[in-house]
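Each chain, letter by letter, is given below.
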Number of protein chains: 2
Amino acid sequence: MQTIGAVIFEGFEMLDYFGPLEMFAMHREHFKIVAVGETGHAVASSGGPAVVPDARFDEGDTYDVLLVPGGKGTREEVENAAMLDWLQQASAKAEVVTSVCTGSALLARAGLLEGRAATTNKLAFDWVREISRTDTVDWKPKARWVKDGKFYTSSGVSAGTDMSLQVIADLLGEAAAEKAAFWAEYEANRDADNDPFAVEE
Amino acid sequence: MQTIGAVIFEGFEMLDYFGPLEMFAMHREHFKIVAVGETGHAVASSGGPAVVPDARFDEGDTYDVLLVPGGKGTREEVENAAMLDWLQQASAKAEVVTSVCTGSALLARAGLLEGRAATTNKLAFDWVREISRTDTVDWKPKARWVKDGKFYTSSGVSAGTDMSLQVIADLLGEAAAEKAAFWAEYEANRDADNDPFAVEE
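I will try to describe carefully the structure that is included in this document.

Quick notes on the rules
- Residues numbered from 1 in each chain as written.
- Chains lettered and ligands numbered in written order.
- Predicted model: local features only at pLDDT ≥ 70, side-chain atom pairs only at ≥ 80, totals over all residues.
- Heavy atoms only, no water.
- Least-squares fit on C-alpha atoms with pLDDT ≥ 70 in both.
- Helix = DSSP H or I, 4+ residues; strand = E, 2+ residues; numbered from the N terminus.
- Buried < 20%, exposed > 50% of the residue type's maximum accessible area, 1.4 Å probe, protein only.
- Arc of directions from axis to C-beta.
- Contact = heavy atoms within 4.5 Å.
- Pairing = 2+ DSSP bridges.
- Axes fitted to C-alpha atoms, helices over the stretch in contact; angles between N-to-C directions.
- Phe/Tyr/Trp six-rings, centres within 6.5 Å; stacked < 30°, edge-to-face > 60°.
- Lys NZ or Arg CZ within 6 Å of the ring centre and 35° of its normal.
- Buried area = accessible area lost by both parts, 1.4 Å probe.
- Salt bridge = Lys/Arg side-chain N within 4 Å of Asp/Glu carboxyl O.
- Polar contact = N/O pair within 3.5 Å; in protein donor to acceptor, adjacent residues only side chain to side chain.

1. Looking at the relation of the copies chain A and chain B
- Screw-axis analysis of chain A against chain B gives a translation of 0.0 Å along the axis, an RMSD of 0.0 Å, and a rotation angle of 180°. Here the symmetry operator amounts to a two-fold rotation axis. Rotation axis and chain A: the residue whose C-alpha lies nearest the axis is A:Val51, separated from it by 2.3 Å.

Structure follows, in structure tokens:
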């Protein structure tokens, strides 16, 4: 059994979060999903319903896989020391760290992407690069997702679902990734280099 | 402005719900999302985090578009009179009624699909047909989604996202559907007849 520590914050993007979680949930005999929030209070998603955290930052639990969604709330969270501290501590203990969309800006601001290749939402590409306040991240303008060491960063929103299948393939094997997509009737993009939404540099 | 009344119940499937809601949220100047539950209590999704209802069945509000997800919880909900009553009353007032995956079993048991064509999850196809307790639904074994009058029923999990783009196209025009998919970096299947997960009859 591996635990997925899936962080929520005010204004997180719904599909960034629930697309990957759905794929992990297809193998619920192997993955346990835990919604982690700064406090125990329910957190409103961007444009949608509120989600209840199962655990708090200050509990300091260890998670095998981290999921960091994007959304308009990242514009506040890049300045939130409690978030950046938790990301640093939880990442140090995790086997795999993933982000979707502008969630990579949080990883970058926490200093976790120094010297690494990464990607992000193609419509917020320049914002992420600037707000990250580092020149050492190699931001990829054309990538459905990027894997560098234990860090998987994905492109915008729906790309997170494809990235999560790569994580499943790496942890449980390609057949497990194919099964997750099949059971969810998901027409997956299994090629990290196939990015229909790439931006021109 | 149109309201989306998106029903939740214990054991609803995450992506059935949040895939379509993400697409509607891409046009948040036009759609307001309301999570509707039988009570005001948070409801655990299938394998994932709990969601807080914004409104209750007994408030009797009118919604322009209904979204009914599937998930293992439908096996309880097909026997839940409060759910079936609410579906009947809310559907009568709605302009569009949608279901994802086994959510169509709830519409069928509420008597809303009599004489209509519909589809559902391909892995639960026979279960849905039996539990519906009606011979008058024309269940389609090969369809990403089916539109019959104001009722849109989709195939399993991820198919709901494609169906929601058809609803957006019908309500706001094809360009709006294309924009929603583009902004969410979603590689959409815009062809209702293109069903890679079709079952043999």
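From this point, the discussion proceeds with the structure in view.
2. Some points on unusual backbone geometry
- Even without being glycine, A:Cys101 reaches a positive phi, approximately 60°.
- Inspection of the secondary structure assignment puts A:Cys101 in the loop between strand 7 (96–99) and helix 4 (103–109).

3. Brief notes about helix 7 (residues 174–183) of chain A
Residue and element names in this part refer to chain A.
- Residues of helix 7 that are buried include every one of Ala-176, Ala-177, Ala-180 and Ala-181, and no others. Taken around the axis of helix 7, the buried residues stretch over an arc of 135°, which confines them to a single face.
- Buried positions along helix 7 lie against helix 1 (14–25) and helix 6 (159–172).
- Phi for Glu-185, located one or two positions after helix 7, is positive at around 45°.

4. Focus: the sheet that holds strand 1 (residues 2–7) of chain B
Residues and elements named next belong to chain B.
- Reading across from one edge, 5-2-1-6-7-11-10 is the order of the 7 strands in this open sheet, with mixed pairing throughout. For this open sheet the edge positions go to strand 5 (55–56) and strand 10 (145–148), each flanked by a neighbour on one side alone.
- Packing of helix 6 (residues 159–172) onto the sheet brings it into contact with strand 1, strand 2 (31–37), strand 6 (65–68), strand 7 (96–99), strand 10 and strand 11 (151–154), and relative to strand 11 it is tilted by some 155°.

5. Some remarks on the packing of aromatic side chains
- For the structure on display, the rule yields 13 aromatic pairs over all chains.
- Ring geometry for A:Phe57 and A:Trp86: centres 4.9 Å apart, planes at 10°, overall stacked. Linking A:Phe57 in the loop between strand 5 (55–56) and strand 6 (65–68) with A:Trp86 in helix 3 (residues 81–93), this pair joins segments that are 29 residues apart in sequence.
- For A:Phe57, a relative accessible area of 10% gives the class buried.
- Through pairs of rings, three or more aromatic residues link up here, namely A:Phe12, A:Tyr17, A:Phe18, B:Phe12, B:Tyr17 and B:Phe18.
- Positioned above the aromatic ring of A:Trp127, the side-chain terminus of A:Arg75 is 4.2 Å from the ring centre.

6. Thoughts on the interface of chain A and chain B
- Facing the 43 residues of chain A at the interface are 43 residues of chain B.
- Where chain A abuts chain B, roughly 3,300 Å² becomes buried across the two surfaces, and 61% of that area is made up of carbon and sulfur atoms.
- Contact with chain B buries surface across chain A, with A:Glu185, A:Glu187 and A:Phe197 losing the most and accounting together for 22% of the total.
- A:Arg144 is the salt-bridge partner of B:Glu187, the closest N and O atoms lying 3.4 Å from each other.
- Between the two partners, chain A and chain B, sit 22 residue pairs in polar contact (both at pLDDT 80 or more).
- For the side of chain A that touches chain B, the secondary structure elements donating two or more residues are helix 1, strand 2 (31–37), strand 4 (50–52), helix 6 and helix 7 of chain A.

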